[in-house]
Structure formats: C-alpha cells, structure tokens
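# Observations on the model geometry
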Amino acid sequence: MKIVVLKFGGTSVGSIGKIKKVADIINEHKKKNYKVIVVSSAMSGVTNELVKKSQEISENFSDEEYDALVSSGEQIACSLIAGSLVHKGLKARSWLAWQIPIFTKGLHKNSRIVKINKNKILHYLKEGGIPIITGFQGINNSHRVTTIGRGGSDATAILLAKFFKAERCIIYTDVEGVYTTDPNKLKKAKKIKTISYEEMLEMASLGAKVMQPVSIQDARLNRIDIEVKSSFVNKSGTLITKRSNIINNKIITGISSTHNDSKVTLIGVKDKPGVAASIFKPLSKNSINVDMVVQNISANGKETDLTFTIKKDDLFKTKKIIRENKNIEYRKLLFTKGVSKISIIGVGMVTTPGVTFRMFQALAKKKINIQVISTSEIKISVLIDKFDTKKALAVLHKEFRLDK
Ligand code: ADP
Ligand code: ASP
Ligand code: MG
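Bear in mind that the values here come from a model prediction, so they are computed numbers and not experimental data. Each chain carries its own residue numbering, running from 1 in the written order of its sequence. Chains carry letters from A onward and ligands carry numbers from 1 onward, assigned in written order. Reporting of local features is limited, given that this is a predicted model, to residues whose pLDDT is at least 70; pairs of side-chain atoms are given and counted only at 80 or more, and all residues count toward the totals for whole chains, interfaces and linings. Water and hydrogen atoms play no part in the side-chain values, which are based on all heavy atoms of the structure.

### Some points on the overall build of the chain
Think of it this way: any DSSP run of H or I at least four residues long counts as a helix, any run of E at least two long counts as a strand, and we number them from the N terminus. A tally of regular secondary structure across the chain gives 12 helices and 19 strands. For a compact globule of 404 residues, the expected C-alpha radius of gyration is about 22 Å, and the chain comes in at 23 Å, within 12% of that figure. For the C-alpha atoms alone, the extent of the chain along its principal axes is close to 75 × 50 × 35 Å. Partly exposed describes any residue whose relative accessible area lies between the buried limit of under 20% and the exposed limit of over 50%, with all areas from a 1.4 Å probe on protein chains only and scaled to the type maximum. Looking at the 404 residues of the chain, the share that counts as buried comes to 49%. Across the chain, contacts joining residues at least 24 apart in sequence account for 74% of those joining residues at least 6 apart. Carbon and sulfur atoms make up 50% of the accessible area of the chain, which amounts to about 20100 Å² in all. If the 68 positive side-chain charges of the chain are averaged to one point and the 36 negative ones to another, these points end up 4 Å apart. The reference for a compact globule is 2.2 Å times residues^0.38; the radius of gyration itself is calculated from the C-alpha atoms. Should any heavy atoms of two residues lie within 4.5 Å, those residues are counted as being in contact. Residue exposure ignores everything except the shown protein chains as possible cover, and the areas themselves are Shrake-Rupley values with a 1.4 Å probe. In this charge count, Lys and Arg are treated as positive and Asp and Glu as negative; neither His nor the chain ends contribute. For the purpose of locating charges, the reference atoms are NZ of Lys, CZ of Arg, CG of Asp and CD of Glu.

Structure representation (structure tokens):
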C-alpha cells in the first residue's frame, strides 16, 4: 500500500476558505493513487484561546482537564476538513486520537506517543476512506486524553508515518519550507533545499518554530524523511533527511532566535561546593527549565556571580522560588525581562576554524553587546538585548553569506 501522511498546521486550516484549499490538496494526492492519511492541528489561534480560558479559571488549572480542553481545537479542524471532502463526494471521516487509539506515556501536557493501533485505520484506508486524524492528542493508560506539547501535531504526523510505513510525510505550513532564518523576521532569508536532522533539531530547539523539536528527534530515530512545504503555493519545499544525503558547502546552515527569554543574575553568591545545585534544584522541581548558565570566577575566592536564562513566563515563579530559598546566600538579585538568544547552526563549523571569532566580530561591529555565550559541536548561541534581535539576524546572515 502506497501511503502518504499529510499534516496541516494551524494557519493552513485557519479559515473556511483555507480548509477548502486543504481539501483540494488532499484530493490531488488521492488522485495520484496514494492512500492518504491526514493529520491536522487546530485552526490558528484556537489552542491559545483555550489555554487562556484555563488560566482565567485558575492559575493552577488541573493538568488532566487542560489536556481535555486544549486538545478540542483539533476535533473542530478535523471534522471541518472531513466535511469538506465529503462535500466533494469523497469518502472521509474525522478520527480522534482515542478512537484509533494513539497511546501516550508521560505527564499530562507533555506526553510522548508510544504506540498507534493500526487496525481500524488500515481497514478504513482499504475501503478507500481518507482518515483525518487529530494531531497533538493521545490517550494514556488510564484512558484520559493527553496532549504531547505545543506544536505537537508535527510529532503525530511523523509517528503515523513510522507506524504505517508511509512512503512520504509532508508537513504543510504557511511558509514555503525551512529557511536560513525566520522569513517573517528577515526578508533576505533563503529557502533551504535539504537540511540534516541534526541541524533541524538545533534550529527548532533554538527557536525556529517551523518544526517541533520532539518531532525531529522522532524522525531522526526512525529515519523518516520529512518534506516541509507551503499549503498556499505549489512550490518545492525543504527536505529534512540524514546527513549523508546532503551535499553542502556552507559553514552555517541557519540562524535561530528566541524572543521570550529572561535573564536572572545572583550577585555575590557565597562560593562553596553545592551552591549551584541549591539554586537549581527547587527550580527544576517546579518544572522551570534553566537554559544558558554562566558563573563568574570570584576575585576573592569567597563570592561569585551566577547568571542564567529562563522562559519569560517562568520569571515570576523563579523570583519567588529564589527569594524563598533558605539554602543560598547572595547580595543582590537582578532580572532582565527581555533578552534574546541568537544561534548560528551548521555541521560545517565542525571542520572550519574561526567561526566563533567571525560571529563575535560581526556583532561587535554593530555594537551589539554579548551577555552570555554557549556552544556545542554544531551551534554557537549568544544572549543579547531583545531590541538588537533584528540587527543581529541581519548582520550574521550577511557575515555567513546565507543570502547567496
Ligand atoms: P503551523 O501552524 O503550520 O504548525 P508554525 O507557526 O508552527 O506553523 O510554523 C511556521 C512558522 O515558523 C512560520 O510562519 C515562520 O514565521 C516560523 N519560522 C521560524 N523560523 C523559521 C525558519 N527557519 N524557516 C521557516 N519558518 C520559520
Ligand atoms: N494546536 C496545537 C498547538 O497550537 C498543536 C499544533 O499546533 O501542532 O500547539
Ligand atoms: Mg507548528
């Protein structure tokens, strides 16, 4: 059976007109004799609205009910797509995750898909039906509805491609593919023809919203090629694949940026073994993700300054936890709400010396101050003032010739 998985993101199903267009795309694949499995996200904005409603009820809204609530947007989108196909005279129906089922493990709000039962969907495909499956949701051992993290429909699509051994997995979105940097932030951004899982994973984890990071991990583990393309224009997109399939002579493949980070600095922390653990343990217990960390060596050997970044949404909670932490002593606590992490990513930097220098020099020339630095084998990240983000993207894009 020649199967294709087509995933449509929120903007692709953002209005009735767009849903009708999606139905046309599905029909075109059907005409090519594919068995088509469709995955849809909620109409754009719907999930955010539902999250907001939960917050209006309680700051501590039940995790189980959060999942039941925010997963409902996908049901609406899927039934509208299925209805549109039925209207065209095609055999189609919506499938909610529990009806298949798609089984997940792990905590509510952030579960992982572990198994997808194939029987019912296979049967339906053989009858000539087009299943329109809700992304983002699953059920757990207790038969409760779960969700798999924001942007999770990408992972639903990739795991459906895995379990059904699909020939192709296409992610339809509102841009023409994966770009050297967010095309909505930098006009000069260029579409990338092919990108490795490793680079895409870094780009996504470091802020490129176009693909959800977990989904790229799943694709890499299962060696599933992903095509990312536009649902609005019929043009070739980007192929995400293994490194050995790619010929690339660029040092840097892409640049990512974040816009919702905050920086916390503890000045004059008593420097003794275990102090960092005392600071970070209660944060981790409260599910606060600490990202970049730097500790300055103290001049007198008794005190040190410690800086780290967190998501802006966690700032209030972090302040409270640090102020109430009896196990640490410090002189001053500083916060910067708006910082941005800019990262250059590319497997080419492994074999090319001087990339760090070029990055820092390019930023210095534009008088952009670097607050924190972190590196790994294929990426360099710097923390800067959020107002410098656009300038930094432009200068780095030029420095590494990404617009060529
Ligand atoms: P969908 O609703 O289809 O899931 P998303 O909003 O999650 O779409 O992702 C698409 C958005 O990702 C684009 O509109 C674009 O602004 C953003 N984006 C960020 N970085 C990149 C990048 N490097 N390439 C393409 N798009 C990017
Ligand atoms: N609708 C969900 C969200 O907004 C899942 C997704 O878009 O993939 O996060
Ligand atoms: Mg998305």
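Let's pick the thread back up.
### As for the pairing of strand β12 (residues 238–241)
Pairing between strands requires that DSSP locate at least two bridges from one strand to the other. Of the pairings in the sheet, the one linking strand β10 (residues 194–196) to β12 comprises 3 bridges and is parallel in character. Of the residues in β12, the one forming a bridge with Ser196 is Thr241. Two strands pair when backbone bridges link them, and strand β11 (residues 226–230) and β12 are joined in this way by 3 bridges, in the antiparallel orientation. Its bridge partner lying in β12, Val228 is registered against Thr238.

### As for the environment of Thr389
Relative to the assigned elements, Thr389 resides in helix α12 (residues 389–399). On a C-alpha basis, the gap between Thr389 and Val339 in space is 8.9 Å, while along the polypeptide they are 50 residues apart. Any N or O atom pair separated by 3.5 Å or less is treated as a polar contact, with the protein-specific requirement of one donor-capable and one acceptor-capable atom, and with residues adjacent in sequence counted only for side-chain atom pairs. Of note is the side chain of Thr389, whose polar atom sits 3.3 Å from the side chain of Ser340. In terms of polar contacts, Thr389 uses its side chain to reach the backbone carbonyl oxygen of Lys386, at 2.6 Å.

### What to know about helix α10 (residues 315–324)
When we look at burial in α10, the residues that qualify are Leu315, Thr318, Ile321 and Ile322. One side of α10 holds all its buried residues, which, seen down the axis, span an arc of 125°. Exposed side chains of α10 directed beyond 90 degrees from the buried face belong to Phe316, Arg323 and Glu324. Looking at the buried side of α10, the elements it contacts are β14 (261–270), α9 (275–285), β16 (303–311) and β17 (332–345). The arc refers to the directions leading from the helix axis to the C-beta atoms.

### A few points about the packing of helix α3 (residues 63–70) against helix α4 (residues 72–87)
The relative placement of two packed helices is expressed as an angle between their axes plus a distance between the axes. Where α3 contacts α4, the axes come no closer than 4 Å and their chain directions differ by 15°. With respect to each other, α3 and α4 are oriented roughly parallel. Together, Ala68, Leu69 and Val70 of α3 and Ser72, Gly73 and Glu74 of α4 make up the contact between the two elements. Three residue categories are used. Nonpolar comprises Ala, Val, Leu, Ile, Met, Phe, Trp, Tyr, Cys and Pro, charged comprises Asp, Glu, Lys and Arg, and polar comprises the others, including Gly. Across the contact of α3 with α4, the residue classes break down as 3 nonpolar, 2 polar and 1 charged. Axes here refer to lines fitted to C-alpha atoms; in helices the fit is confined to the stretch in contact. Angles between the N-to-C directions go from 0 to 180 degrees. The labels follow the angle: roughly parallel below 35 degrees, roughly antiparallel above 145, roughly perpendicular from 65 to 115, and oblique for the rest.

### Focus on the pattern of salt bridges
Here, a salt bridge means any side-chain nitrogen of Lys or Arg that lies within 4 Å of a carboxyl oxygen of Asp or Glu. The full count for this structure, using the stated rule, is 18 salt bridges. Note that Glu227 and Arg168 form a salt bridge whose closest N and O atoms lie 2.6 Å from each other. Separated by 59 residues along the polypeptide, Glu227 in strand β11 and Arg168 in strand β9 (residues 168–173) bring together distant segments of the chain. With a closest N to O distance of 2.8 Å, Lys191 and Glu176 form a salt bridge. With Lys191 in the loop between β9 and β10 and Glu176 in the loop between β9 and β10, this pair connects stretches of sequence that are 15 residues apart. The network of salt bridges with common partners includes Glu176, Lys191 and Lys235.

### Focus on unusual backbone geometry
Trans is the common state for peptide bonds, and a negative phi is the common state for residues other than glycine. Between Ile100 and the following residue, Pro101, the backbone shows a cis peptide bond with an omega angle of -20°. Looking at where Pro101 falls in the secondary structure, it is placed in the loop between β3 (92–95) and β4 (102–105). Within the chain, Lys165 stands out as a residue other than glycine whose phi angle is a positive 45°. One non-glycine residue with positive phi stands out, namely Arg401, at about 50°. With respect to the helices and strands, the residue Arg401 is situated in the segment after α12. Residue classification places Arg401 among the exposed positions, given a relative accessible area of 53%.

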